[in-house]
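Chain by chain, the residues:
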Amino acid sequence: MIHGEGGRNFLAEHLLQAGALIEEFAVYRRQGLAIDDPAWENLKTDQASLWVFNSSQAGQALQAGLKALGIATEFLQHETAIVSHPRIAEKIQEIGFGNVLMIAPGDEELIKTLLQNCKTAL
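Numbers given for residues are sequential positions, taken from 1 along each chain in its written order. Restriction of local features to residues with pLDDT of at least 70 applies here, the model being predicted, together with a cutoff of 80 or more for giving and counting side-chain atom pairs; totals for whole chains, interfaces and linings are based on all residues. Only hydrogens and water are set aside; all other atoms, that is, all heavy atoms of the structure, feed into the side-chain values.

Caption draft 1: Main features of the nonpolar core. In plain words, nonpolar cores are sets of buried Ala, Val, Leu, Ile, Met, Phe, Trp, Tyr and Cys residues tied together by side-chain atoms within 4.5 Å. Burial classification: accessible surface area is computed with a 1.4 Å probe over protein chains only, and a residue below 20% of its type maximum counts as buried, one above 50% as exposed, and the rest as partly exposed. Membership of the largest hydrophobic core comes to 16 residues, with the highest contact counts inside it found for Trp51, Phe53, Leu62, Leu66, Val83, Ile92 and Phe97. Working definition: helices are DSSP H or I runs of at least four residues, strands are E runs of at least two. Numbering for both runs from the N terminus. The greatest single-element share of this core, amounting to 4 residues, is contributed by helix α3 (residues 86–95). Residues in contact with Phe97, not counting those within four places in the same chain, are Trp51, Phe53, Leu62, Leu76, Glu79, Thr80, Ala81 and Ile92. Contact definition: two residues touch when any of their heavy atoms are within 4.5 Å.

Laid out in structure tokens, this is it:
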């Protein structure tokens, strides 16, 4: 089983309970954007943004980065986040996003939702 370092072992636990033999390999590590990365500067604009989160860890990294940079989270009340799981939605709402759109997992649903929201913004 190939996964990220420190990721959830939900599937592995269930397979083990069912009697499967599993060999696990952690092949990547999730980490937040470096505090000195210029991308953080884009958050300081007055333009509304559309955010896509595919993990609650991404939300945690955003929250930690905002805190480390002293950026108030009030602007998130006017932002829209797209998520594909209730646990992710919970974290994103906790951070302060005012509009959280829950979608079914998968690229097709994500693309459809992005296109709908981009048309609305134009």
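That was the structure; now back to the text.
Caption draft 2: Up close: the side chain of Thr80. Along the chain, Thr80 turns up in strand β4 (residues 80–83). The term polar contact refers here to a pair of N or O atoms within 3.5 Å; inside protein, the definition further demands a hydrogen-donor-capable atom paired with an acceptor-capable atom, and it admits residues adjacent in sequence only when both atoms are side-chain atoms. Polar side-chain contacts of Thr80 include one of 3.2 Å to the side chain of Asn99. In this view, Thr80 contacts Ser49, Leu50, Trp51, Phe97, Asn99 and Leu101; residues no more than four positions away in its chain are not counted.

Caption draft 3: Geometry of the packing of aromatic side chains. Each Phe, Tyr or Trp ring (for Trp, its six-membered ring) is paired with any other whose centre lies within 6.5 Å, and the angle between the two planes then decides the class: stacked below 30 degrees, edge-to-face above 60, tilted in between. Under the definition given, this model contains 3 aromatic pairs. Measuring from centroid to centroid gives 5.4 Å for Trp51 and Phe97, while their planes differ by 80°, and the two rings are edge-to-face. With a gap of 46 residues between them, Trp51 in strand β3 (residues 50–53) and Phe97 in the loop between α3 and β5 (99–102) connect regions that are remote in the sequence. In this structure Trp51 comes out as buried when scored by relative accessible area, which is 16%. The class for Phe97 is buried, based on a relative accessible area of 5%. Pairwise contacts between aromatic rings join Trp51, Phe53 and Phe97 into one cluster.

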